[in-house]
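Listed below are the residues making up each chain.
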Amino acid sequence: MDQNILKFVEQFEGWVLKDIRILLRLEDESGNILSPDRNTYTDRHRPFVAAVILTCCAIDMLSAFRYGRYNSDVGDTFKCFIRNYFTKENTKSKKTYNVEHVYNGLRNDLLHGYSLGKDLALGHENAKQHLEKSAKRTIIDVFEFYYDLESVYKVYKSEIESGKYKEEFDRRWQYAPVIKYVATENIKRPE
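Residues numbered from 1 in each chain as written. Predicted model: local features only at pLDDT ≥ 70, side-chain atom pairs only at ≥ 80, totals over all residues. Heavy atoms only, no water.

**Q** Which parts of the structure should I look at to understand unusual backbone geometry?
**A** Trans is the prevailing form of peptide bonds, just as negative phi is the prevailing case for residues other than glycine. One non-glycine residue, Lys-136, lies in positive phi territory at about 65°. Mapping Lys-136 onto the fold places it in the loop between strand S2 (133-134) and strand S3 (137-141). Here the phi dihedral of Tyr-165 falls at roughly 60°; this positive angle occurs in a residue that is not glycine. Topologically, Tyr-165 is positioned in the loop between helix H5 (142-161) and helix H6 (166-175). Judged by relative accessible area, Tyr-165 falls into the partly exposed class, the value being 22%. (Helix = DSSP H or I, 4+ residues; strand = E, 2+ residues; numbered from the N terminus. Buried < 20%, exposed > 50% of the residue type's maximum accessible area, 1.4 Å probe, protein only.)

Okay, structure coming up:
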């Protein structure tokens, strides 16, 4: 398999998904799998807003590689990715996402203003409430949003591993590959 795809998969699973799982306490730092405790999940105990922000960042990353995006067309590729992948056929919740809710109400409002669209709310207590309306707001369950990301990622991963969308993947890889981490002890500082 292509080395760049292997690096991408390793980083997406080992950094991106793992960071979100740790925030949601679905996994600990040692890699032990934990069960979500919806009853004690509160804004004081878990940074669920940070988990949703990272989930939106992960979608940005996937859409960039899927469509070979340069940074000038972020909105179009993000929306296209939601429209094509966050469908009842691909999500664990078996629900299709509203493109504008995710792009404007979550991604833009949350990332750029630490707020939500006026017709959205975050929840965590009941998976059945995910993408359902309550008091004129559509509820995004933080756990289900993450599980749907995992499910969608598996679809995309199988596509790129089979060679599908290779040209788009390579274009993004050349333009902006994944983050490279250098331990602080390996950074040379001027003396």
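Having put the structure on the table, let's press on.
**Q** Looking at this structure, how should I read the pattern of salt bridges?
**A** It is possible for side chains bearing opposite charge to pair when their charged atoms get close. Here the structure, examined in full by the defined rule, presents 10 salt bridges. Here Asp-2 ties to Lys-166 by a salt bridge, and the two come within 2.8 Å at their closest N and O atoms. Of this pair, Asp-2 sits in the segment before helix H1 (3-23) while Lys-166 is found in helix H6, placing the two residues 164 residues apart along the sequence. Overall, the relative accessible area of 24% leaves Asp-2 in the partly exposed class. For Lys-166, a relative accessible area of 29% corresponds to the partly exposed category. Connected through salt bridges with shared partners, the residues Asp-2, Lys-166 and Asp-170 form a single ionic network. (Salt bridge = Lys/Arg side-chain N within 4 Å of Asp/Glu carboxyl O.)

**Q** Any chance you could explain the side chain of Asn-108 here in plain terms?
**A** Looking at the element boundaries, Asn-108 is found in helix H4 (residues 99-113). The contacts of Asn-108, once residues within four sequence positions are left out, are Tyr-103 and Gly-113. (Contact = heavy atoms within 4.5 Å.)

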